[in-house]
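Spelled out, the chains give:
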Amino acid sequence: MKQNPNYKEKRNIGLDLLRILSMFMILILHLLGKGGMLEKESNSQIYYLIYNFMEILCIVAVNCYVLISGYFLVKSEFKWKKVISLWKETLFYSLLVFGITTIIRKEFDVTLFIKSCLPIITKEYWFINIYLLMYILSPFINRAIFSLKKQELRKLIIILIIVFSIWNSILPKEYVFDNTSGYGIIWFICLYIISAYIRLYEEMKENRFNSLKCIIIYICSAIIIMLLMILFNNISFNVLKENIRTRLLAYNNILVCIESIALFMFFKNLTVKNKKIIEIIKFVSPLTLAVYLIHEQYGARKMLYFDILHMSNCYNNNFSMFFILGYAVTIFIICIIIEYIRRISVNFIKRKYSNE
């Protein structure tokens, strides 16, 4: 199967919506994890269940982002311009947020400044690091994909899932092939190949992945993870308990993988007919990456989660779940507005200098 160089990308509103939802899920994950909500202990089991099930439902976010990327990149042309553009956007927000937090704190941190100047070389934004590498490798991955027949590609995917997903899920203490828990380039490439296969060979078989079936698989996978977590939570050995929890919520855990693909298939086949909603989705979707770049800036994390939002005060609050959702919506909207203003400003400057 050869790639058509004249192929024009078709907009998939469902996947645009999933991109928005995935970033919202990432916000919730960070509020729960980096806000300390998952580290606290409570006399009430209900809080443990609520926060952990929210995390399980949202843990698919990064996987879905990568699946979306692979789905489109397999039929896209590689452009260095995109790499440079993403690097500039990352650097802009890294320095902007550093400047704002420095003014608020009235303290200049040299180490933090250096990290902010090198956001991609350092681990300030781990996702951007791995995503850029995946994008740079995408022409070579695509060439390999198109050189394989359907059956060969399917066998490759089965091998990748067994080696990099099922193996780590069943043997949580063994890191023979990959010790990144899905946070590295290996798992990103695995997801890329899976979504590429879906794009190339499953487009005409949407009836096999109807909406109800996908949602049932997504919810059931999450429930199974929750039940396993509750089961192992009673283990008295804390080291073993933490290791099992880490494995259950790893991006490359087989249940998380199934959960991610099910949600991806649901939105891939989703049809949105309301024109106003479509326009809103098309407007917001390209701006979502800035949400990650702004709120996840290294120097802003502690200030955001503890000094501004005071997440520690939310834990035993009966309305804590609504606080978390409210915070996520507020941060999301503010970041989208900032990115929109940035894009308008950049376009204005470009037009101004191009006319001179």
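Quantities reported herein were computed from a predicted structural model and do not represent experimental measurements. Numbering of residues begins from 1 in every chain and follows the order in which that chain's sequence is written. At least 70 in pLDDT is required for a residue's local features to be given in this predicted model, at least 80 for side-chain atom pairs to be given and counted, and no such filter applies to totals for whole chains, interfaces and linings, which use all residues. By convention in this description, side-chain values take in all heavy atoms of the structure and omit both hydrogens and water.

Caption draft 1: A look at the overall build of the chain. Along the backbone of the chain there are 15 helices and 0 strands. Partly exposed describes any residue whose relative accessible area lies between the buried limit of under 20% and the exposed limit of over 50%, with all areas from a 1.4 Å probe on protein chains only and scaled to the type maximum. Relative to its full complement of 356 residues, the chain shows a buried share of 47%. Note on definitions: a residue-residue contact is assigned when non-hydrogen atoms from the two residues lie within 4.5 Å. In the chain, the share of contacts with a sequence separation of at least 24, taken over all contacts with a separation of at least 6, comes to 84%. To qualify as a helix, a DSSP run of H or I must reach at least 4 residues; to qualify as a strand, a run of E must reach at least 2; elements of each kind are numbered from the N terminus.

Caption draft 2: Structural view of the nonpolar core. Take the buried residues of types Ala, Val, Leu, Ile, Met, Phe, Trp, Tyr and Cys, join any two whose side-chain atoms come within 4.5 Å, and each joined set is a nonpolar core. In terms of nonpolar packing, the biggest core is built from 109 residues, with Phe127, Ile128, Ile145, Phe264 and Ile324 touching the most fellow members. The element contributing the most residues to this core is helix α1 (residues 13-33), with 13 residues. Apart from residues no more than four positions distant in its own chain, Phe264 is found in contact with Leu15, Leu18, Leu67, Ile68, Tyr71, Ser195 and Ile198.

Caption draft 3: Just helix α6 (residues 126-147), in detail. With 22 residues, α6 extends 31 Å between its outermost C-alpha atoms, agreeing within 8% with the 32 Å of an ideal straight helix rising 1.5 Å per residue. Think of it this way: the bend at a residue is just the angle between two axes, each fitted to seven residues, one set ending at that residue and the other starting at it. Residue Ser138 marks the point of greatest curvature in α6, where the axis turns by about 50°; the proline Pro139 follows within four residues. Helices are assigned an expected span. That span is 1.5 Å times one less than the residue count.

Caption draft 4: Expanded view of the side chain of His295. With respect to the helices and strands, the residue His295 is situated in helix α13 (residues 289-295). As used in this structure description, the phrase polar contact means that two N or O atoms lie within 3.5 Å; if the pair is within protein, one of them must be able to donate a hydrogen and the other to accept it, and residues adjacent in sequence are counted only when both atoms belong to side chains. Of the polar contacts made by the side chain of His295, one reaches the side chain of His30; its length is 2.7 Å. Here the side chain of His295 touches Val291 through a polar contact of 2.6 Å, landing on its backbone oxygen. When sequence neighbours within four positions are dropped, the list of residues in contact with His295 reads Ile26, Leu27, His30, Leu304, Tyr305 and Ile331.

Caption draft 5: Inspection of the packing of aromatic side chains at higher detail. Side-chain rings of Phe, Tyr and Trp, where Trp is taken by its six-membered ring, are said to pair if the distance between their centres is within 6.5 Å; with planes under 30 degrees apart they count as stacked, over 60 as edge-to-face, and otherwise as tilted. Tallied over the entire structure, the rule returns 23 aromatic pairs. Ring geometry for Phe78 and Trp80: centres 5.1 Å apart, planes at 85°, overall edge-to-face. Among the aromatic residues, those joined into a ring-pair cluster are Tyr65, Tyr125, Trp126, Phe127, Tyr131, Tyr183, Phe188, Tyr251 and Tyr292. Looking at Arg199, its charged tip hangs above the ring of Tyr71, at a distance of 4.6 Å from the centre. As a reminder, the over-ring test applies to NZ of lysine and CZ of arginine, requiring each to be within 6 Å of the ring centre and within 35 degrees of the ring normal.

Caption draft 6: Representation of the pattern of salt bridges within the structure. Throughout this description, the term salt bridge denotes a Lys or Arg side-chain nitrogen within 4 Å of a carboxyl oxygen of Asp or Glu. This structure, assessed with the given rule, holds 6 salt bridges. Measuring nitrogen to oxygen at the nearest pair gives 3.9 Å for the salt bridge that ties Glu89 to Arg342. With Glu89 in helix α4 (residues 80-105) and Arg342 in helix α15 (residues 320-355), this pair connects stretches of sequence that are 253 residues apart. The two residues Glu89 and Arg342 agree in class, both being buried. The residue Glu339 makes a salt bridge to Arg342 at a minimum N-O spacing of 2.8 Å. With a gap of 3 residues between them, Glu339 and Arg342 both fall in helix α15, about one helical turn apart. On the basis of relative accessibility, which here comes to 18%, the residue Arg342 falls in the buried class. Salt bridges here are not isolated pairs; linked through shared partners, they connect Glu89, Glu339, Arg342 and Arg343.

Caption draft 7: Region of interest: the confidence of the model for the chain. Summary statistics for the chain give a mean pLDDT of 86 and a share of 87% for residues scoring 70 or more. This model gives residues 1-8 a pLDDT under 50, and the stretch forms 10 contacts once residues within four places in sequence are excluded. How sure the predictor is of each residue is captured by pLDDT, a score from 0 to 100.

Caption draft 8: View of unusual backbone geometry. Phi is positive for Lys106, close to 60°, though the residue is something other than glycine. The residue Lys106 is located in the loop between α4 and α5 (110-117) in this model. Owing to a relative accessible area of 77%, Lys106 belongs among the exposed residues under this scheme. Of note in this structure, Ser181 is not a glycine but carries a positive phi near 60°. Among the secondary structure elements, Ser181 is positioned in the loop between α7 (150-170) and α8 (185-201). For Ser181, a relative accessible area of 12% corresponds to the buried category.

Caption draft 9: Just empty space enclosed by the protein, in detail. Both cavities and pockets are sets of points on a 1 Å grid over the protein atoms alone; in a cavity a 1.4 Å probe fits but cannot get out, in a pocket the set is open with protein on both sides within 12 Å along at least five of seven lines, and lining residues sit with an atom within 4 Å of a point. Grid points are joined across faces, edges and corners, and a volume is the space filled by probe spheres set on the points. The full count for this structure, using the stated rule, is 1 cavity of 30 Å³ or more. Looking at the largest cavity, the residues that line it are Leu73, Ser76, Glu77, Phe78, Tyr135, Ser138, Pro139 and Asn142. Considering each element in turn, the lining of the largest cavity owes the most residues, 4 residues, to α6. Broken down by class, the residue content of the lining of the largest cavity amounts to 4 nonpolar, 3 polar and 1 charged. Throughout, the ten residues Ala, Val, Leu, Ile, Met, Phe, Trp, Tyr, Cys and Pro are labelled nonpolar, Asp, Glu, Lys and Arg are labelled charged, and all others, Gly among them, are labelled polar.

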